[in-house]
Amino acid sequence: MPVGRLTRTAIFCLSFIALCYLLEHSSYARYYRLQDDIPDASSIAPLKTFSKDKFLWDSISPSDDLVWHDCYSNNQCARLKVPLDYKNPDAASAAIAMVRIHSHVSHDSPSYRGPVLVNPGGPGGSGVSFILSRGAHLSTIVGPEFDIIGFDPRGVARSTPGVSFYKTRAERALRFDTPDGTRVFSANASADGLSRGWALGTLDGQLAGERDNGSLRFINSDHTSRDMLRIVEADGFEKLQYWGFSYGSVLGATFAAMFPDKVGRLVIDGVMDSEDYYATEWSKNLYDTDKTWMSFLNGCVDAGPSGCPLFAPTAAEISAKIDDLYVSLRARPIPVRTETSSGIVDFSMLRMRIFRALYSPYAAFPALAQALADLSNGNATTLFKMGEVPPFECACDASEYKYEDHAEAGAAIACNDGNQISPKYEDLLVHYEKLSKGSDWADIWESARMTCLAWPEFPKDHFQGPFIANTSFPLLVVGNTADPVTPLWAAKKMSKGFAGSAVLTQDSPGHCSLSAPSMCTQKHIRRYFFDGILPAADTVCNVDGTPFPSPGLDNVDQQAQAILSVSEADRNLMEAVWELARTFDVRFPTFV
Ligand SMILES: *[C@@H]1O[C@H](CO)[C@@H](O)[C@H](O)[C@H]1NC(C)=O
Ligand SMILES: *[C@@H]1O[C@H](CO)[C@@H](O)[C@H](O)[C@H]1NC(C)=O
Ligand SMILES: *[C@@H]1O[C@H](CO)[C@@H](O)[C@H](O)[C@H]1NC(C)=O
Ligand SMILES: *[C@@H]1O[C@H](CO)[C@@H](O)[C@H](O)[C@H]1NC(C)=O
């Protein structure tokens, strides 16, 4: 614990003597001894940083029954065999990898409530990785009576068949050779920005077709919905209990529309317009992005010079500083060398770093403000490090990376799910110009559908809507007022199709409810899962704190105050909610 922090905690304790015991003895205090005040760049590092899996998935043979094996430290893992093609169930099979956090009550106990399946978005996000890192907190929220199951959707990471456009890891690394670990760049970075994107996207689609061994066409949300039903049934239940974030809202809506009688509990959180997604339009995501950006600017003003390194008295002045940075980086990118890598900070990287930070205000706003302030002073290192990935290294043993997470899986799901789009540059340009009229962030977002430009023409005979159903239990639909990529509008629209569903609004910036700490929201979610009670119409939940530290309080003090202000019974929940907000980072889409 830094000395400054010690002193502040001491002063804080003196003013709340009775509560000192709590600060000293709760797991909260133990936890924060290990942490820095402000989340650093690594808390929002890209998903693509892959470290060797600590569990040998090949030690499990896929089986028709759900067989759980001990794995990682305290979890159980399984690989469930399912048909690769549900229209042809006796032919080849797929194997779905999953990890479980066991309920805290015994499965024999009358209070045991079965599994909740979770999808972390993407498309292409790994549910196994998500549950290994965040599952304990989700379990605290939904409650000890439930198991939490994270699964890798078919095509993704540890599930088979995988998706690969490249023959080797090295070939992939060469194509993604940027300090971001992604190949996304601003379409507005240069005069040929959009056409370069078009050419690279076309190449992706061509490779996807050429390197397909026949399994690629079965990687879609229709099949994954069927896989989810298989998981639930293999686990001994009839109906699905589910919490899906971001793209997970498309998967949830798809399941609910395909199997309305199999809905036990279903939460979609950070909701995308499924019709727009299945049309491969990606044109209705950015309605609230400017609101999120304004919350950064206004938050910085409110935090004052001590809370926000980029402080200026008005939002307009801060915005002008950023515009200056855009102009200056366009003219002169800055070379950066760190202990582990090197690269250039240019206009595209600045745009990407800002856009990504909008997803996770509580994890990223203070760090972003520091990075932008440093950049204004000519130091680009902080911004570079915000998303730095270690340079590619050849593996001695390629099998170590057999189940590596990579972006192609997400592209495959999105392009297979969606309608075929025109391969022509002229049509892409029309799409881009239209998107640009509605949003300042079209230059980044346009890349979301470029991999689909020359996508192989598979039959589109899978479920693509309509998203209308009388479900066996009503859906809970959660949206934030300033979500950068899934606007509240879409939550309201999707809710209309599902009879009896309720929209819960969280008044916060960020992508999905967990990107901001709200006891109100998470208690509603727990109440929905446990008691089956939906929030009243037009319920709006506030959040418990601000992304930037309030003047005079650092982040930790602010969290301490929030946690100490709730009853002991709520304390674990509050800790989980804050910890998630500090680390929540659902990539959407994974290839951006
Ligand atoms: C087809 O390719 C995928 C992706 O590389 C792989 O996971 C799968 O095992 C392959 N299937 C067959 C039958 O070779
Ligand atoms: C591209 O950048 C220029 C200069 O920064 C800006 O004026 C313009 O609005 C941008 N265009 C789009 C479509 O984002
Ligand atoms: C730039 O900022 C980084 C991180 O904040 C710091 O470690 C480094 O010393 C700075 N470099 C220069 C040249 O000031
Ligand atoms: C839902 O139920 C209502 C009332 O029974 C009926 O009118 C409607 O057609 C049903 N909708 C669907 C999609 O089945």
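Residues numbered from 1 in each chain as written. Chains lettered and ligands numbered in written order. Predicted model: local features only at pLDDT ≥ 70, side-chain atom pairs only at ≥ 80, totals over all residues. Heavy atoms only, no water.

Naming follows an unreviewed UniProt entry, where the protein chain appears as Abhydrolase-4 domain-containing protein of Favolaschia claudopus.

Draft legend 1. Highlighting the overall build of the protein chain. For the protein chain, the helix and strand inventory stands at 21 helices and 12 strands. Within the span of the protein chain, comprising 592 residues, buried residues form 60% of the whole. The long-range fraction of contacts in the protein chain, counting pairs at least 24 apart against all pairs at least 6 apart in sequence, stands at 76%. About 23,000 Å² of surface is accessible on the protein chain, with carbon and sulfur atoms providing 53% of the total. (Helix = DSSP H or I, 4+ residues; strand = E, 2+ residues; numbered from the N terminus. Buried < 20%, exposed > 50% of the residue type's maximum accessible area, 1.4 Å probe, protein only. Contact = heavy atoms within 4.5 Å. Areas by Shrake-Rupley, 256 points an atom, 1.4 Å probe, with all protein chains shown as cover.)

Draft legend 2. Layout of the nonpolar core. If you look at the biggest cluster of nonpolar residues, it comprises 168 residues, and the most contacted ones within it are Trp-243, Phe-296, Leu-310 and Leu-372. Tallying contributions element by element places helix α13 (residues 361-376) first for this core, with 9 residues. Residue contacts for Phe-296: discarding those within four places in its chain leaves Leu-310, Phe-365, Leu-368, Ala-369, Leu-372 and Phe-548. (Core = buried A, V, L, I, M, F, W, Y, C linked by side-chain atoms within 4.5 Å.)

Draft legend 3. Highlighting the packing of aromatic side chains. Summed over the entire model, instances satisfying the criterion amount to 32 aromatic pairs. For the ring pair Trp-198 and Tyr-425, a centre distance of 6.1 Å and an interplane angle of 80° mean the geometry is edge-to-face. Of this pair, Trp-198 sits in helix α6 (residues 193-210) while Tyr-425 sits in helix α16 (residues 425-438), and the two are 227 residues apart along the sequence. With a relative accessible area of 27%, Trp-198 lands in the partly exposed category. Clustering of aromatic rings is evident, with ring pairs tying together Tyr-247, Tyr-277, Tyr-278, Trp-282, Phe-355, Tyr-359, Trp-441, Trp-445, Phe-463 and Phe-467. Here Arg-265 stacks its cationic end above the ring of Phe-473, 4.2 Å away from the centre of that ring. (Phe/Tyr/Trp six-rings, centres within 6.5 Å; stacked < 30°, edge-to-face > 60°. Lys NZ or Arg CZ within 6 Å of the ring centre and 35° of its normal.)

Draft legend 4. Spotlight on the site of ligand 3. Contacts to ligand 3 come from Asp-374, Asn-379 and Thr-382. Here Asn-379 contributes a side-chain N or O atom positioned 2.3 Å from an oxygen atom of ligand 3. A distance of 3.4 Å separates an oxygen atom of ligand 3 from a polar atom in the side chain of Thr-382. Its free accessible area being 360 Å², ligand 3 has 29% of it covered by the protein chains. (Near = heavy atom within 4 Å. Polar contact = N/O pair within 3.5 Å; in protein donor to acceptor, adjacent residues only side chain to side chain.)

Draft legend 5. Structural view of unusual backbone geometry. A cis geometry characterises the amide bond from Gly-122 onward to Pro-123, with omega recorded as 0°. Residue position: Pro-123 is located in the loop between β4 (115-119) and α4 (127-142). Of note, the amide linkage connecting Gly-465 to Pro-466 takes the cis form, showing an omega dihedral of 0°. Residue placement: Pro-466 occurs in the loop between α17 (442-445) and β10 (476-482). One non-glycine residue with positive phi stands out, namely Ser-246, at about 60°.

Draft legend 6. Main features of the pairing of strand β2 (residues 75-83). Most of β2 is tucked away, with 8 of its 9 residues classed as buried. Relative to β2, strand β1 (residues 69-71) is paired through 3 bridges, and the arrangement is antiparallel. Each bridged residue has a counterpart across the sheet, and for Cys-71 the counterpart in β2 is Asn-75. Hairpin geometry of β1 and β2 is characterised by an intervening segment of 3 residues between the two adjacent antiparallel strands and by a positive phi of about 45° at Tyr-72. As paired elements, β2 and strand β3 (residues 93-101) share 8 bridges and run antiparallel to each other. (Pairing = 2+ DSSP bridges.)

Draft legend 7. Fine view of the state of the cysteines. Summed over all chains, the structure comprises 4 disulfides. What pairs with Cys-71 in a disulfide is Cys-77, and their sulfur atoms sit 2.0 Å apart. Between Cys-71 and Cys-77, the S-S dihedral sits near 80°, and the bridge is therefore right-handed. Note on Cys-71: relative accessible area 3%, which makes it buried. A disulfide bridge connects Cys-300 with Cys-308, and the sulfur atoms are separated by 2.0 Å. Taking the torsion about the sulfur-sulfur bond, which here is approximately -85°, the covalent link between Cys-300 and Cys-308 counts as left-handed. (Disulfide = S-S within 2.5 Å.)

Draft legend 8. Representation of the pairing of β3. Counting buried positions along β3 gives 8 out of 9 residues, so the element sits mostly inside the fold. In the sheet, β3 pairs with strand β5 (residues 147-151) via 4 bridges, with the strands oriented antiparallel. From the neighbouring strand, Ile-101 faces β5, where its bridge partner is Ile-148.

Draft legend 9. Fine view of the sheet that holds β2. Judged by pairing direction, the sheet is mixed, and its 10 strands sit side by side in the order β1-β2-β3-β5-β4-β6-β7-β10-β11-β12 without closing on themselves. Two strands bound the open sheet, and with one partner strand each, they are β1 and β12 (540-541). Pairing of β10 with strand β11 (residues 502-509), which is carried by 6 bridges, proceeds in the parallel orientation. Bridging from a neighbouring strand, Leu-476 pairs with Ala-502 of β11.

Draft legend 10. Quick look at the pattern of salt bridges. Inspection of every chain in the model, using the stated rule, returns 19 salt bridges. Arg-526 is the partner of Glu-145 in a salt bridge, and the nearest nitrogen-oxygen pair spans 2.9 Å. With Glu-145 in the loop between α4 and β5 and Arg-526 in helix α19 (residues 519-531), this residue pair connects regions lying 381 residues apart in the sequence. Looking at Arg-526, the relative accessible area reads 24%, which means it is partly exposed. Ionic pairing is found between Lys-385 and Glu-339, a salt bridge with its closest N-O pair at 3.5 Å. With Lys-385 in helix α14 (residues 381-385) and Glu-339 in the loop between β8 (334-337) and β9 (342-345), the pair connects residues that are 46 residues apart, well separated along the chain. (Salt bridge = Lys/Arg side-chain N within 4 Å of Asp/Glu carboxyl O.)

Draft legend 11. Local environment of the confidence of the model for the protein chain. Model confidence for the protein chain is summarised by a mean pLDDT of 89, while 89% of its residues fall at 70 or above. Between residues 1-50, whose pLDDT stays under 50, and residues either more than four places distant or in other chains, the model counts 85 contacts. (pLDDT = per-residue confidence, 0-100.)

Draft legend 12. Seen up close, the environment of Val-389. Structurally, the position occupied by Val-389 is in the loop between α14 and α15 (408-417). On the basis of relative accessibility, which here comes to 15%, the residue Val-389 falls in the buried class. On a C-alpha basis, the gap between Val-389 and Ser-341 in space is 8.0 Å, while along the polypeptide they are 48 residues apart.

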